[in-house]
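Summary of the model geometry
Here is what each chain is made of, one letter per residue.
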Amino acid sequence: MRGKKKNNHNLVVIVVLLALSILVYFLFPKPPVSIKSFDKRAVWLSYEDLSSLSYHSKEEFQKDFNHVIETISKYQINTVIVQVRPFADALYDSKLFPVSQVITHRSSLDFDPLKEMIDLAHKQDIMIEAWLNPYRICLNEQTYQQFMKTSKASWLKDKNLTIQYNEYGYIFNPASQQVRDYVVDGVREIVKNYDVDGIHFDDYFYVNGTHKNTTKEERLDYVNILIQDVYYSIKNIKKDVTFGISPQGNYENCMNEGADVETWLKEDGYVDYIMPQIYWSDQYGKDGQTTMFSDRSKLYAKLERHSKVKLYAGLALYHAGKDLDNDLGWSMSSDNISKQIQILHDHGYTGYCLFRYSYLQKEAGQKEMDELLRVHP
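Summarised in this report is the structure supplied together with it.

Rules and cut-offs
- Numbers given for residues are sequential positions, taken from 1 along each chain in its written order.
- With pLDDT at 70 or above as the cut-off, local features in this predicted model cover only qualifying residues; side-chain atom pairs require 80 or more to be listed or tallied, and sums for whole chains, interfaces and linings still use all residues.
- Based on all heavy atoms of the structure, the side-chain values leave hydrogens and waters out of the count.
- A run of DSSP states H or I qualifies as a helix once it reaches four residues; a run of E qualifies as a strand once it reaches two. Both are numbered from the N-terminal end.
- Note on classification: 1.4 Å probe, protein chains only; a residue is buried when its accessible area is under 20% of the maximum for its type, exposed when over 50%, partly exposed between these limits.
- Contacts were defined at the residue level, with two residues in contact if any of their heavy atoms lie within 4.5 Å.
- Residue exposure ignores everything except the shown protein chains as possible cover, and the areas themselves are Shrake-Rupley values with a 1.4 Å probe.
- For the purpose of counting charges, residues Lys and Arg are taken to be positive, whereas Asp and Glu are taken to be negative. His and the chain ends are not included.
- Note that the charge is assigned to NZ on lysines, CZ on arginines, CG on aspartates and CD on glutamates.
- Both site types are read off a 1 Å grid over the protein atoms alone. A 1.4 Å probe that fits but cannot get out defines a cavity, while an open set with protein on both sides within 12 Å along at least five of seven lines defines a pocket; lining residues have an atom within 4 Å of a point.
- Grid points are joined across faces, edges and corners, and a volume is the space filled by probe spheres set on the points.
- Three classes are used: nonpolar for Ala, Val, Leu, Ile, Met, Phe, Trp, Tyr, Cys and Pro, charged for Asp, Glu, Lys and Arg, and polar for all others, with Gly counted as polar.

**Details of the overall build of the chain**
Looking only at helices and strands, the chain features 15 helices and 12 strands. Dimensions of the chain, computed from the C-alpha atoms along their principal axes, are close to 90 × 45 × 45 Å. Taking all 377 residues of the chain together, 53% fall into the buried category. Here the contacts in the chain between residues at least 6 apart in sequence split such that 77% fall between residues at least 24 apart. For the chain, the exposed area adds up to about 17,800 Å²; of that, 49% sits on carbon and sulfur atoms. Each charge class in the chain was averaged separately, 44 positive and 50 negative side chains, and the resulting centres sit 6 Å apart.

In structure tokens, the structure reads:
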């Protein structure tokens, strides 16, 4: 009897301690996560950011890009994702694509910007990924004219190879094998010739106005063929070069426009990481009552994921301080990014990327980043 009472006493103690532990867990706030616990702390350098750098000479370009490295280093950023092919053009020495005049404002260069960026980034232990738009040809008159003047205009005359969705908006047709070969050859060219740490695609696949004559299933299939081809092409050249995609934060839109995030996450052989662009605050809507960021973060975190595929998130630094009618959080406080980092950690994300570099130099963006460093050193 004495032994039985002792066992019962031990059981009561264990139950009480467990109950106290649960109470402490929920009543007392957990210490904030350090940003250094995230594998990828990245920033996007879009073609708009890059167009502000000097391309008059290699020396001037190096000076400007070194300033970029100094700026991002203040905020513990360890990766730059550089948009080297925004509109069927190139910010590197390419045999397949013309020089990006939208970025450089020049028809030719006497140095290779991508090579310089890689060298300068790696000297400071910064990883660098080449950001490509696989299908986008043009989206306004400026980029349309660039394409017409510098590329083979015959592309646009063949309706099997391109799709037009407004006066100046064209994408390469994802259903075309010729297009897929062209995109894959462009990726191979970079991976073979440059010491990049990764290849990065963004959210331009099929876009609104390009769905005609295709079903949702066909769009998913056509894009998936390309994504698999790109993945294995990269790995056949350099296994340690990562391949990641940053789709829309709206899951339903992704699936409708051919971005099969569900398959990319759960199956091996498509990507090394997914980085949905979760560009909302938790005071979303006219009344600021919708926790949109948390809801979307949770949705992606709950999707089935292969052990080899990492989950990161794109964050909307460009909204910092803006008075948005349908997303009040950005004007209400300067701790949106800081709070979002904690939410990502709690949902199992292991990296993030800020859109975009120029907003690190604006007062509202700096306030968000200073708060991030204060709370999550």
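**Some points on empty space enclosed by the protein**
Following the criterion strictly, the structure yields 2 cavities of 30 Å³ or more and no others. By volume, the largest cavity amounts to about 50 Å³. Taken together, Asp203, Phe205, Tyr206, Pro247, Gln248, Asn253, Cys254, Glu257 and Ala259 make up the full set of residues lining the largest cavity. Across the lining of the largest cavity, the residue classes break down as 5 nonpolar, 2 polar and 2 charged. What lines the second largest cavity is simply Arg85, Ala88, Phe97, Asn133, Pro134, Phe172, Tyr182 and Val183. Across the lining of the second largest cavity, the residue classes break down as 6 nonpolar, 1 polar and 1 charged.

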